[in-house]
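# Secondary and tertiary structure notes
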Amino acid sequence: MDENKRITTVEEMEEDSRKLHDRACEVCGETWVERAESQKNHCKFGEGGICCRNCSMGPCRISPKAPRGICGADAHAIAARNYLRAISAGTASHSDHAREILHVLHHTKAEGPYIVRDEQKLINLAHEWQIATEGRDIYDIAREVAEVGLMEFGRPFGEMRFPGRAPQERQELWRKEQIWPRAIDREIATAMHMTHMGNSADPEALIRQGLRTSISNGWGGSMLGTEITDILFGTPTVRETEGNLGVLEHDQVNIVVHGHDPVFSEAIVAATELKETLDYCKAKGIKGINVVGLCCTANEVAMRHGVRMAGNFLQQENAILTGACDMMCVDIQCIFPSLPQLAQCFHTKFVTSSPIARIPGADHYEVTPENAFDTAKDLVKLAIDNYSNRDESKVWIPERKQKAIVGYPTEQIIKHLDNITNSHVDTVGSYRPAIDAIKAGVLRGAVAIVGCNNPRIRPDFSHYEIITELFRNDILVVATGCAAQLATKAGLMNKEAKEFCGAGLKRVCELMDIPPILHMGACVDISRMMRLAAGIAEDWGVDMTQIPVVGCAPEWMSEKAVSIANYVVSSGLDVYLGIEPQVNGSDQMMNLITEGTRDIVGAGFIINTDPKVLVKNIIDGIEAKRAALGI
Ligand code: BF8
Ligand code: SF4
């Protein structure tokens, strides 16, 4: 595959990164590479999850000589409490993102600036929530939907709504196991309360709360984030785009948007399309404005506008190191605090926009739904002004980039399935054609590849190895987050990539007119994957644990990822991890996350840091599910 120029290999990506990195060392001293080196001997207590600083009698560290903290908490209690806190932080991050989006929905008006773009989705959600729509103004409905949505965070009584979207068996199981979440903030608060000094020390009880908290994310905060973002900015559709740093332009103003919440980046994109902005640019003798994305903000704007993607998590510093980034606008999450300092070594203006992500050295422009478009307009002008400050002697833009096709929410996948079976009316709107392909063995199954990069392992290599091996084994891939961006950079996310697939997957790609890896969005959009898996299970008439569909996070790093992995497991899908969660100081906890959760929700983690072994485990897992179904 490497000799085919349609593919960019990980080695080639590394070559570009190395050149940029060497320049960084000359100009600015360091990048994550040096910092990872200086942090290499990770603390074993931290790594094993057995350092507790939940009270000021500590910190307490567990060792053979000191098997209990001062209060008597053992390794299992401490590892479980730390793990639950990670799930809570991840849940809080995704959900607070959704809360902000709901507030924007509450601010929508016919005259803008924020409007409702997917009215049908809003109406459908209103019906689902028994909100009257007949004869009402769409913005009245939007406000009520926003208010009801916001109640999902803090309702004092009752329980959350979106878990009711799961298949019946799942719902019954969540009730039986008492892990149906009540409200998002409530579950996070309960988790923090349970882990406070002098409360829960029972790992299983803590894990159960972890599952419940994670469901409030996957079938709550993240699902709200996805749904309301679609209502506000439009449900994504298939678009062509490009990925990798080669999307930066020599002769245009480069504005990089980075983070997760598309409220700000949407305003930036809109500002660059205004006539007055374009005139301003022209008057300065500049050819144009080039907005590109990093991390999940890139996924959001790529799927809705075709905005090109500069790269994933460990590439964020590289974007500045090209010397061609005139402005970087960030919103929330996954933003290196190193960036403003790096920006100061170049001419780059580094702008923060949210009170959630304040970074020393940044220019802070607090963005609200009221001022977002005016602020974006001012910032784009500043970026245009800054173009002339570029120091050409410091500019090096790697040439590599690849074409990609993005934008496959469940609605789009269904459309493609409908297209191939339009004569069979009874399958329209269902996943049955895909199920038939799986039953026939043309497709063996599907894997959701998600997550980050992590310097603990060779960046992007695991994603690449696993995706390409799944292709060869006729397993369809759906992807989000930084994993999806690797596929973009590599050139795997386009229709030609069918040439690297087994005969069965290739045939399916041709019939459905899709690439072998479907871009489903940002990390909050893993909620789309849950609906996809739920839909497949329902149309198949089996439980979610039975379908040959699994999750895989080969290079994950964030607390959000811990929360995601847990809600995927809670939904009945096994999750294959390429990085070990920080609980190995407790054999009980290792056992609980790999086996114990199977007794509660029917799924668990399989962990291996070697991508070749991990992908083999995935294929074996899928084949075992097939065998159990008798197919
Ligand atoms: O939410 S994959 S590094 S950018 S955490 Fe972050 Fe990980 Fe990327 Fe998106 Ni998701
Ligand atoms: Fe130590 Fe217990 Fe306090 Fe943790 S809660 S720091 S184990 S005394």
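Residues numbered from 1 in each chain as written. Chains lettered and ligands numbered in written order. Predicted model: local features only at pLDDT ≥ 70, side-chain atom pairs only at ≥ 80, totals over all residues. Heavy atoms only, no water.

### Details of the domain arrangement of the protein chain
Rules: Domain limits in this description derive from either an automatic procedure or a database domain assignment. Whether two residues touch is decided by their heavy atoms; if any such pair falls within 4.5 Å, the residues are in contact. Buried area is understood as the total, over both parts, of accessible area removed when two parts are fitted together, assessed with a 1.4 Å probe. Here, a salt bridge means any side-chain nitrogen of Lys or Arg that lies within 4 Å of a carboxyl oxygen of Asp or Glu. Secondary structure elements are taken from DSSP: a helix is a run of H or I of four residues or more, a strand is a run of E of two residues or more, and numbering for both begins at the N terminus. Three residue categories are used. Nonpolar comprises Ala, Val, Leu, Ile, Met, Phe, Trp, Tyr, Cys and Pro, charged comprises Asp, Glu, Lys and Arg, and polar comprises the others, including Gly.
Structurally, the protein chain comprises domain 1 (69-233), domain 2 (245-394) and domain 3 (405-629). When each unit is reduced to the centre of its C-alpha atoms, the spacing between domain 1 and domain 3 is 23 Å. On the domain 3 side, the residues contacting the 38 residues of domain 1 number 39 residues. Together, the buried faces of domain 1 and domain 3 total about 3200 Å²; carbon and sulfur atoms form 65% of this surface. Per-residue buried area on domain 1 facing domain 3 is highest for Tyr83, His94 and Arg170; these three make up 19% of the total on that side. Summed over the shared surface of domain 1 and domain 3, the result is three salt bridges. A salt bridge links Glu411 to Lys121; the shortest N-O distance between them is 2.7 Å. Going through the elements one at a time, helix H4 (75-106), helix H7 (168-176) and helix H9 (203-233) are the ones with two or more residues in the side of domain 1 that touches domain 3. Per-element tally for the side of domain 1 that touches domain 3: the top contributor is H9, with 15 residues. Counted by class, the side of domain 1 that touches domain 3 contains 18 nonpolar, 11 polar and nine charged residues.

### Examining the packing of aromatic side chains
Rule in force here: Two rings from Phe, Tyr or Trp (for Trp, the six-membered ring) form a pair when their centres are within 6.5 Å of each other. A pair whose planes differ by under 30 degrees is stacked, one over 60 is edge-to-face, and the rest are tilted. Relative accessibility thresholds used throughout: buried, under 20% of the residue-type maximum; exposed, over 50%; partly exposed, between the two (1.4 Å probe, protein chains only). By definition here, charges over rings are those cases where NZ of Lys or CZ of Arg is within 6 Å of the ring centre and within 35 degrees of the ring normal.
For the structure on display, the rule yields six aromatic pairs. An angle of 65° between the planes, with centres 5.7 Å apart, marks the rings of Trp174 and Trp219 as edge-to-face. Separated by 45 residues along the polypeptide, Trp174 in helix H7 and Trp219 in helix H9 bring together distant segments of the chain. The burial state of Trp174 is the same as that of Trp219; both residues are buried. Joined through ring pairs, the aromatic side chains of Tyr114, Phe233 and Phe373 make up one cluster. It is Arg175 that lies over the ring of Trp180; its NZ or CZ is 4.0 Å from the centre. One Lys or Arg, Lys381, reaches over the ring of Tyr280 and ends 5.5 Å from the middle of that ring.

### Some thoughts on the pairing of strand S13 (residues 517-521)
Just so we agree on the cut-off: Whether two strands pair depends on DSSP finding at least two bridges between them.
With five of its five residues buried, S13 lies for the most part within the structure. Examined bridge by bridge, strand S12 (residues 475-480) and S13 share four bridges and lie parallel to one another. Across the sheet, residue Val478 finds its bridge partner in S13, namely Leu518.

### A few points about the site of ligand 1
Put simply, the rule reads: Neighbouring residues are identified by heavy atoms, a residue being near a molecule or strand if any of them is within 4 Å of it. In protein, a polar contact requires one atom able to donate a hydrogen and another able to accept it; more generally it is a pair of N or O atoms within 3.5 Å, and residues adjacent in sequence count only if both atoms are side-chain atoms.
His260, Cys295, Cys296, Phe313, Cys334, Gly451, Cys452, Cys482, Cys523, Met557, Ser558 and Lys560 make up every residue found near ligand 1. A distance of 3.1 Å separates an oxygen atom of ligand 1 from a polar atom in the side chain of Lys560. Taken together, the residues that form the shell around ligand 1 break down as eight nonpolar, three polar and one charged. Residue-level mapping places the shell around ligand 1 at the junction of two domains, with at least three residues from each of domain 2 (245-394) and domain 3 (405-629).

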